[in-house]
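Results of the structural survey
These are the residues of each chain, in order.
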Amino acid sequence: MALKPKPRTILETLAESAVALDSTNSPLKSLVISKLPDGGQTVIYLGTLSGALLLYSLRIPPSAPAEIAFLRRVSIPRSVNAIHPLVRIGKILVVSEGFLFLFDSGLLEPAKRISLFRGVTSLSCKFRTRYGYINGSSQNNFEYAENGNVDSSNLVAIGIGKKLVLAELILSGSLVIQKEINGVLDGSIINSLWVDDSIFIGTNFGYYLYNCVSGRCGLIFSLPDSTVLPRMKLLPKDLRVLLMVDNVGIIVDMEGQPVGGSLVFKEAPDSLGEIRSYVVAVRNSMVELYHKKTGCCVQRFVVGDGSGVTWILADEESENGELVATATSSKLICYGKVSGEEQIKDLLRKKSFKEAISLVEELESEGEMTKEMLSFIHAQVGFLLFFDLHFKEAVDHFLLSETMQPSELFPFILRDPNRWTLLVARNRYWGLHPPPTLLENLIDDGLKAIQRAAFLKKAGLETAVDNEFLLNPPSRAELLESAIENIIRYLQSCRGRELASSVKEGVDTLLMQMYRALNRIDDMESLASSENSCVVEELEALLTESRHLRTLAFLYASKGMSAKALSIWRILAKNYLPSSYSKDQYEANDLQGISGAFTFGRETAALEASKILEGSSDQDLVLQHIGWIADISQVLAVQILISEKRDNLLSPDEVIAATDPEKVEILQRYLQWLIESQGSDDPQFHTAYALLLAKSSLEIEMSDAVVGIPKNGMEVSEIGRSTMFDIPVRERLQTFLQSSELYDVEEVLDMIEDSELWLEKAILYRRLGQETLVLEILALKLEDCEAAEQYCAEIGRPDAYMQLLEMYLNPKDGREPMYKAAVHLFHNHGQLLDSLQVLERLSPDMPLQLASDTLLRMLRAQHHHYRQGQVCISLVFSNYFYYCRC
């Protein structure tokens, strides 16, 4: 719903003058504001009942009061009913009791009576709008003449009874009839308006519209009775016509269709005028201004002495008219429109903020005010509200201003002088609010004003203080919190704007201070850890004093001050105090990857430190802090060491030397990364990695033995699993011993020689070529027949199988013979065994069934092998004899 305007000053008096009449003091009948063709001087014509025609000039100097000067006076025999200037040709037409008289604009030449027309009841000069032109000429310059061309600026519509005559005023001063319109109107023509192709006609029966192009004439609407006289007023700014019915004005367009709402006047006005967005009405001695869109009366004042004498009114009848004049037989007064800025200032002084903004938007939509001025006024309103302690509403207006700079709020936060003192614009506004002061002082002054206002109200006096504050006075703490919260809201918005670097620094630094004032730790850390323009020197002492060390560490890191940031994280990890941060801030976060394992406390300090070190190429800094991080999380320590985010990789020798030998998993993971990801072929690293894996495997073996877990050589305890490794340590050891050829086999073997790591020892003995020891481990220690037989196949000699059979049949150490394994060997590789040697080695204690099966399989295998040999020999000889015959 449109905002109802409050009364304000739109028209102000420019100049006034006594009317130079004769002693008869004849009443005025007509008043017109026009311009002379030479130089555009503003002139005013007055016509009286006695036939006097007076000419005045209006001069409005840029820096001096306006002046009205009497120029001359002429007379005609009859009453001056209407005056119609033809500015382009320097003439005026005067209607006098049914006759027409022609004067020059300066009233220097004698009047000429136009005898062609008598009984004239109305006259209207054609008004050409900017829409009625094509390439600078009228669209219809030649539409109304049957013979020859006609300049539309000289066209007039003359009403004579029920007849309408269209005529052209030629240079000789005569009117040439172009067209007569008869029989289309009911009643006599009382008044008319000609705008482009439309002629509005008022009769004692109603309003009609005649179209000059189509020749059609239609009734717009009828008057309620014949006693109501038609009255119309052209509103050139919006290209509308106001049609009056008693005290109601109906606004229609050029097609005669109602647009917008109607204007309801207090009484039927004596005269009407237009100035910009307002219709001016005068009744007796009262002048009223009505807004055309809202229909509200926005200004009302009395002219003269208020004696009730009839005043007449005139405007410039221009799209951009700025003047109106009122006159009686004794006085002439000219009024000018108060500038939009002055109207707005007046509203702001009255604290009518909504009305001021509404007026600004209205003036902008009408092209009378720029967007820059709209932004300026939003800022001005914001400061007025700010000093009235309405901080939320103030910031709402600040945010609507595109020209206000965030540095304008700095003096409310920082004492002068400060780093940003010179950035603050001085005297930018209209002086309607006090100069900036610190928030605490502003609020204290505001509270004192509220107390004074409450006292005055009890005494029955009105005050400018908001009633809401009087009924429910706010506390100082509430106001201070509201002010800071809303300043935060504004500064946050400013971060997304294009600002000078120095202003950005001020915005972010003050934003951090505001967060600290409200202890908004999440926001502090978010700002400090993101890209920001905070000035560290301005915040160091402040954050240290308030124990917001985490925020300071984030800030150091964001500025590349890694050493300082890491020192703080180290202190927090060592002397962690739960009060130094909010635990809740982490509970809702879903940290990615390994970060999800840490929620708060020492682990968080280590995590944040690791983020810095992962990208650092400062080897000394990394090695300085890797120790305490490793004490908290070996996973994070490894991430730092193997990070590829840094430009230059760390020296492996330095890393290994600086790493605590007890941190075996760190060394393992680092060496694994060197070998597998970086492709290192340094035997020293390969050997070190194998020894570390062997050491861990031995520790696991000892742990298993203590706990009493049943095991065999192929099983790997779950204790061997680490948070850094998905594969058990023994499996990694076995894989590495088999895949790498660069480690020192004997050194690794020395470490595990007395252990139960049989498979690992088998791999190492195999590297050394100790076939017998490998077979003993596979066959006797691991009892892995498949692996033992596979190894014999790799050796590739039949005696290897006989050696394996000997181990099965005579396992030593008091163990029972492994007959089933022997039978398995006979079954798979019997053809490779010598029968006599097998019989010699068979024990008399071997069960008969197993022995018979063994011999049968062996003989079958040998027989099969013998038959295969015979077939092969036969094939060879057959092929030989065939080729011989050929």
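Residues numbered from 1 in each chain as written. Predicted model: local features only at pLDDT ≥ 70, side-chain atom pairs only at ≥ 80, totals over all residues. Heavy atoms only, no water.

**What about the overall build of the chain?**
Scanning the chain from terminus to terminus reveals 28 helices and 30 strands. In the chain, the proportion of contacts linking residues at least 24 apart, taken out of those at least 6 apart, comes to 55%. Of the roughly 43700 Å² that the chain leaves accessible, carbon and sulfur atoms contribute 50%. (Helix = DSSP H or I, 4+ residues; strand = E, 2+ residues; numbered from the N terminus. Contact = heavy atoms within 4.5 Å. Areas by Shrake-Rupley, 256 points an atom, 1.4 Å probe, with all protein chains shown as cover.)

**Structural notes on the sheet that holds strand S24 (residues 271-275)**
Sheet architecture is open: 4 strands sit in the order S24-S25-S26-S27, paired in antiparallel fashion. Every other strand in the sheet has two partners, leaving S24 and strand S27 (297-302) as the edge strands with one partner each. The sheet shows a mean angle of 20° between the axes of neighbouring strands, direction not considered. Strand direction decides the pairing type here: strand S25 (residues 278-283) and strand S26 (residues 286-291), joined by 6 bridges, are antiparallel. (Pairing = 2+ DSSP bridges. Axes fitted to C-alpha atoms, helices over the stretch in contact; angles between N-to-C directions.)

**A look at the sheet that holds strand S5 (residues 67-75)**
Strand order in the open sheet formed by 4 strands is S2-S3-S4-S5, with antiparallel pairing between adjacent strands. Pairing within the sheet leaves two strands with one partner each, and these edge strands are strand S2 (28-35) and S5. Geometrically, the sheet is characterised by an average inter-axis angle of 20° between neighbouring strands, direction not taken into account. Across 6 bridges, strand S3 (residues 42-48) lies against strand S4 (residues 52-59) in antiparallel orientation. Following the sheet pairing, valine 43 is matched in S4 by serine 57.

**Description of helix H1 (residues 340-349)**
When we look at burial in H1, the residues that qualify are Gly340, Gln343, Ile344, Lys345, Leu347 and Leu348. The inward-facing, buried residues of H1 abut S25, strand S30 (331-337), helix H2 (353-365) and helix H3 (371-387). Just past H1, the residue lysine 351 takes up positive phi, approximately 60°. (Buried < 20%, exposed > 50% of the residue type's maximum accessible area, 1.4 Å probe, protein only.)

**Topic: the pairing of strand S14 (residues 163-169)**
Every other side chain in a regular strand lies on the same face of the sheet, so the side chains alternate between the two faces. Summarising burial for S14: 6 of the 7 residues are buried, a large majority. Here strand S13 (residues 155-160) runs beside S14; their pairing, made up of 6 bridges, is antiparallel. Residue pairing across strands places isoleucine 160 opposite lysine 163, the latter belonging to S14. Connecting S13 to the next strand, S14, in antiparallel fashion are 2 residues, including glycine 161 with a positive phi near 65°. As paired elements, S14 and strand S15 (residues 175-181) share 6 bridges and run antiparallel to each other. Across the sheet, the residue bridging to valine 165 is glutamate 180, located in S15. Connecting S14 to the antiparallel partner S15 that follows it, the hairpin turn spans 5 residues, and glycine 173 within it adopts a positive phi of roughly 95°.

**A look at the packing of aromatic side chains**
Under the criterion given, the structure shown has 19 aromatic pairs. In this structure an aromatic cluster arises from ring pairing among Phe376, Phe383, Phe386, Phe387, Phe391, Phe398, Phe412, Tyr429, Trp430 and Tyr490. Of note, lysine 761 hangs over the ring of tryptophan 758, and the distance from its end group to the ring centre comes to 3.6 Å. (Phe/Tyr/Trp six-rings, centres within 6.5 Å; stacked < 30°, edge-to-face > 60°. Lys NZ or Arg CZ within 6 Å of the ring centre and 35° of its normal.)

**Observations concerning helix H5 (residues 439-458)**
With 20 residues, H5 should cover 28 Å at 1.5 Å per step; its first-to-last C-alpha distance of 29 Å lies within 8% of that length. Within H5, burial applies to Leu439, Leu442, Ile443, Gly446, Leu447, Ile450 and Ala453. The arc enclosing the buried residues of H5, seen along the axis, measures out at 135°, which places them on a common side. For H5, the exposed residues set more than 90 degrees away from the buried face come down to Gln451, Arg452 and Phe455. Against H3, helix H4 (391-400), helix H6 (467-471) and helix H7 (476-494) lie the buried residues of H5. Looking at the residues trailing H5, positive phi occurs at glycine 460, about 85°. (Expected span 1.5 Å × (residues − 1). Arc of directions from axis to C-beta.)

**Notes on the packing of helix H8 (residues 501-517) against helix H9 (residues 521-529)**
Orientation of H8 relative to H9, taken along the N-to-C sense of each, is 155°, at an axis distance of 8 Å. For the element pair H8 / H9, the angle class is roughly antiparallel. The two elements H8 and H9 meet at a crossing, and its hand is left-handed. Residues Asp508, Leu511, Met512, Tyr515 and Arg516 of H8 form the contact with H9, whose participating residues are Asp523, Met524, Leu527 and Ala528. Its residues assigned to classes, the contact of H8 with H9 comprises 6 nonpolar, no polar and 3 charged. (Parallel < 35°, antiparallel > 145°, perpendicular 65-115°, else oblique. Left-handed = near helix turned anticlockwise from the far one by under 90°. Nonpolar A, V, L, I, M, F, W, Y, C, P; charged D, E, K, R; others polar.)

**Digging into the environment of proline 27**
Mapping proline 27 onto the fold places it in the loop between strand S1 (11-18) and S2. Counting along the chain gives 301 residues from proline 27 to threonine 328, while the straight-line C-alpha distance between them is 7.1 Å. What proline 27 contacts, discounting residues up to four positions off in sequence, is Thr48, Leu49 and Ser329.

**Focus on the pairing of strand S8 (residues 99-104)**
Counted residue by residue, S8 has 6 buried out of 6 residues, so it is predominantly covered. In S8, alternate side chains face the same way, and those of Phe99, Phe101 and Phe103 on one face and Leu100, Leu102 and Asp104 on the other are all buried. Sheet topology note: the strand S7 (residues 91-96)/S8 ladder contains 6 bridges and is antiparallel. Bridged to valine 95 within S8 is leucine 100. In this antiparallel pair of consecutive strands, S7 and S8, the connection spans 2 residues, and glutamate 97 shows a positive phi of 50°.

**What about the nonpolar core?**
Membership of the largest hydrophobic core comes to 177 residues, with the highest contact counts inside it found for Leu289, Ile344, Ile377, Phe386, Phe398, Trp569 and Tyr808. It is H3 that provides the largest number of residues to this core, a total of 11 residues. If you look at the next biggest cluster of nonpolar residues, it comprises 27 residues, including Tyr207, Met232, Leu272 and Tyr290. (Core = buried A, V, L, I, M, F, W, Y, C linked by side-chain atoms within 4.5 Å.)

**Topic: the pattern of salt bridges**
One pass over the full model with this rule turns up 30 salt bridges. The partner of glutamate 288 in a salt bridge is arginine 300, with the nearest N and O atoms 2.7 Å apart. Separated by 12 residues along the polypeptide, glutamate 288 in strand S26 and arginine 300 in strand S27 bring together distant segments of the chain. Residues participating in the shared-partner salt-bridge network are Arg276, Glu322, Lys337 and Glu368. (Salt bridge = Lys/Arg side-chain N within 4 Å of Asp/Glu carboxyl O.)

**Structural notes on a nonpolar patch on the surface**
On the surface, a cluster of nonpolar side chains totalling about 310 Å² of accessible area is made up of Phe455, Leu456 and Leu461. Mapped onto the secondary structure, leucine 461 falls in the loop between H5 and H6. Look at leucine 461 and you get partly exposed, because its relative accessible area is 48%. (Patch = residues over 30% accessible without salt bridge, like charges linked within 9 Å, V, L, I, M, F, W, Y side chains within 5 Å.)

**Regarding the packing of helix H11 (residues 549-558) against helix H12 (residues 562-574)**
Contact geometry of H11 with H12 gives a least axis separation of 8 Å together with a crossing angle of 155°. By the criterion of interaxial angle, the relationship of H11 to H12 is roughly antiparallel. As H11 packs across H12, the resulting crossing turns out to be left-handed. Facing H11, whose interface residues are Leu549, Arg550, Leu552, Ala553, Phe554, Tyr556 and Ala557, H12 presents Lys564, Ala565, Ile568, Trp569 and Leu572.

**Focus: the confidence of the model for the chain**
Any region with low pLDDT has predicted coordinates that should not be read closely. Overall, the prediction assigns the chain a mean pLDDT of 85, with 84% of residues at 70 or greater. The least confident element of the chain, judged by mean pLDDT, is strand S12 (residues 137-138) at 38; the most confident is H7 at 97. Of the regions scoring below 50 in pLDDT, residues 577-599 engages in 32 contacts with residues more than four places distant in sequence or in other chains. (pLDDT = per-residue confidence, 0-100.)

**Observations regarding the side chain of histidine 378**
One can find histidine 378 in helix H3. Setting aside its immediate chain neighbours within four residues, histidine 378 contacts Ile357, His397, Leu400 and Ser401.

**Things to note about unusual backbone geometry**
A cis amide bond, omega -5°, links aspartate 416 with the succeeding residue proline 417. Relative to the assigned elements, proline 417 resides in the loop between H4 and H5. The backbone phi angle of asparagine 519 is positive, close to 55°, even though this residue is not glycine. Position of asparagine 519 relative to the elements: it lies in the loop between H8 and H9. Under the relative-accessibility criterion, asparagine 519 is labelled partly exposed at 45%. Phi angles above zero are rare outside glycine, and glutamate 783 is one such case at about 50°. For glutamate 783, the position within the fold is in the loop between helix H23 (771-781) and helix H24 (785-795). Here glutamate 783 falls in the partly exposed class, since its relative accessible area comes to 48%.

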